[in-house]
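Architecture and fold: a report
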Amino acid sequence: MDAGARVIHVDVMDGHFVPPISIGALVVDALRDLVHEREGVLDVHLMVERPEERVEDFVAAGADSVAVHWEATPHVHYALKAIREAGRHAGLAINPGTAPEAVLPLAEALDHVLCMTVNPGWGGQPYIDTSTAKVARLRELLGPSVPIEVDGGIDAATAGAASAAGATLFVAGSSIFGAEDPAAAYREIAAAGGAV
């Protein structure tokens, strides 16, 4: 955050929708004041089965936005509606194998789309090259006003390509936290993504 980041992305994994298990609502609650006191946003990405059953917990913990996977529930519209009714930004995440057109029936129920540019669940994967065309197609379908977030294999090179295709939010983990100078790595990715 000292380097300029204002959105802290929190990956939540349940060991079912994706094999790894990660943090839960208690950790989001522990981060809430640290992030909010610095005027940051907690962006929670639920990589869990039946995310509609977890929305209330993460909203109560301090999430400002919550993204649920199209593939994780037959009740994705209900999950998005629950997020919005709680006064939070509703994100729809789609896996690499999901067609961009899947978002169209839900376009009125979401605030942003999270396009996975790797298979969800494991950090450090390389960016899937066909993701750039997928982002461009999402931008074509959604128009200029809907934020498109990309997650997976994001570094300065891939952020630039994704930005040129229409992405506006960039999730970077390994390329920042694995760098010798994380703040410099963040600034490089932000510049490549078009941050002023």
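In this report, the structure presented in the accompanying data block is examined. (Residues numbered from 1 in each chain as written. Predicted model: local features only at pLDDT ≥ 70, side-chain atom pairs only at ≥ 80, totals over all residues. Heavy atoms only, no water.)

In this section: the overall build of the protein chain. A tally of helices and strands in the protein chain yields seven helices and seven strands. Scanning the protein chain from its N terminus toward the C terminus, one meets helices and strands in the order β-α-β-α-β-α-β-β-α-β-α-β-α-α. Against the globule reference of 16 Å for 196 residues, the protein chain gives a C-alpha radius of gyration of 15 Å, in line with a compact fold. Its C-alpha atoms give the protein chain principal-axis dimensions of about 40 × 35 × 30 Å. Split into buried and exposed, the 196 residues of the protein chain put 45% on the buried side. (Helix = DSSP H or I, 4+ residues; strand = E, 2+ residues; numbered from the N terminus. Rg over C-alpha atoms; globule rule 2.2 N^0.38 Å. Buried < 20%, exposed > 50% of the residue type's maximum accessible area, 1.4 Å probe, protein only.)

With that settled, consider the packing of helix H4 (residues 131-142) against helix H5 (residues 156-165). Packed helices, taken two at a time, are described by their axes: the angle between them and the distance between them. Axis separation between H4 and H5 bottoms out at 8 Å; the angle between their running directions is 30 degrees. Of the possible angle classes, the one that applies to H4 and H5 is roughly parallel. The crossing of H4 and H5 is right-handed. Every residue of H5 that contacts H4 at Thr132, Val135, Ala136 and Arg139 is listed here: Ala161, Ala162 and Ala165. Its residues assigned to classes, the contact of H4 with H5 comprises five nonpolar, one polar and one charged. (Axes fitted to C-alpha atoms, helices over the stretch in contact; angles between N-to-C directions. Parallel < 35°, antiparallel > 145°, perpendicular 65-115°, else oblique. Left-handed = near helix turned anticlockwise from the far one by under 90°. Contact = heavy atoms within 4.5 Å. Nonpolar A, V, L, I, M, F, W, Y, C, P; charged D, E, K, R; others polar.)

Take unusual backbone geometry next. Although it is not a glycine, Glu39 sits at a positive phi angle of roughly 60 degrees. The topology assignment puts Glu39 in the loop between helix H1 (25-36) and strand E2 (41-47). Notably, Arg50 is not glycine yet its phi reads approximately 50 degrees, a positive angle. Considering the arrangement of structural elements, one finds Arg50 in the loop between E2 and helix H2 (55-61). On the basis of relative accessibility, which here comes to 34%, the residue Arg50 falls in the partly exposed class.

Before going further, it helps to spend a moment on the nonpolar core. Val44, Leu46, Val68, Leu80 and Leu138 are the most contacted members of the largest nonpolar core, which has 44 residues in total. Apart from the residues within four sequence positions on either side, Leu80 is in contact with Val68, Ala90, Gly91, Leu92, Leu106 and Ala109. (Core = buried A, V, L, I, M, F, W, Y, C linked by side-chain atoms within 4.5 Å.)

For the coordinates displayed, the defined rule picks out eight salt bridges. The salt bridge involving Asp29 is made with Arg32; its shortest N-O contact spans 2.3 Å. Taken as a pair, Asp29 and Arg32 lie in helix H1 at a separation of three residues, close to a single helical turn. Notably, a salt bridge pairs Lys81 with Glu85, separated by 2.8 Å at the nearest N-O pair. With Lys81 and Glu85 both in helix H3 (residues 76-85) and four residues apart, the pair spans about one turn of that helix. Assessed through its relative accessible area of 41%, Lys81 is described here as partly exposed. For Glu85, a relative accessible area of 58% corresponds to the exposed category. (Salt bridge = Lys/Arg side-chain N within 4 Å of Asp/Glu carboxyl O.)

A few words on the pairing of E2. Along E2, six of the seven residues are buried, which leaves the element largely enclosed by surrounding structure. Once you follow strand E1 (residues 7-13) into H1 and on to E2, the crossover reads as right-handed. Alignment of E2 against strand E3 (residues 65-69), held across four bridges, turns out to be parallel. Opposite Leu46, over in E3, you have Val68 as the bridge partner. (Right-handed = clockwise from strand over helix to strand, strands pointing away. Pairing = 2+ DSSP bridges.)

Moving on, we come to the pairing of E1. As defined by bridge partners, E1 adjoins E2 across seven bridges and the pair is classed as parallel. Each bridged residue has a counterpart across the sheet, and for Ile8 the counterpart in E2 is Leu42.

In this section: the environment of Met1. Relative to the elements of secondary structure, Met1 occurs in the segment before E1. Residue classification places Met1 among the partly exposed positions, given a relative accessible area of 22%. C-alpha of Met1 to C-alpha of Glu39: the two residues are 38 residues apart in sequence and 9.6 Å apart in space. Excluding residues that lie within four positions of it along the chain, Met1 makes contacts with Arg6, Ile8, Val35, Arg38 and Gly40.

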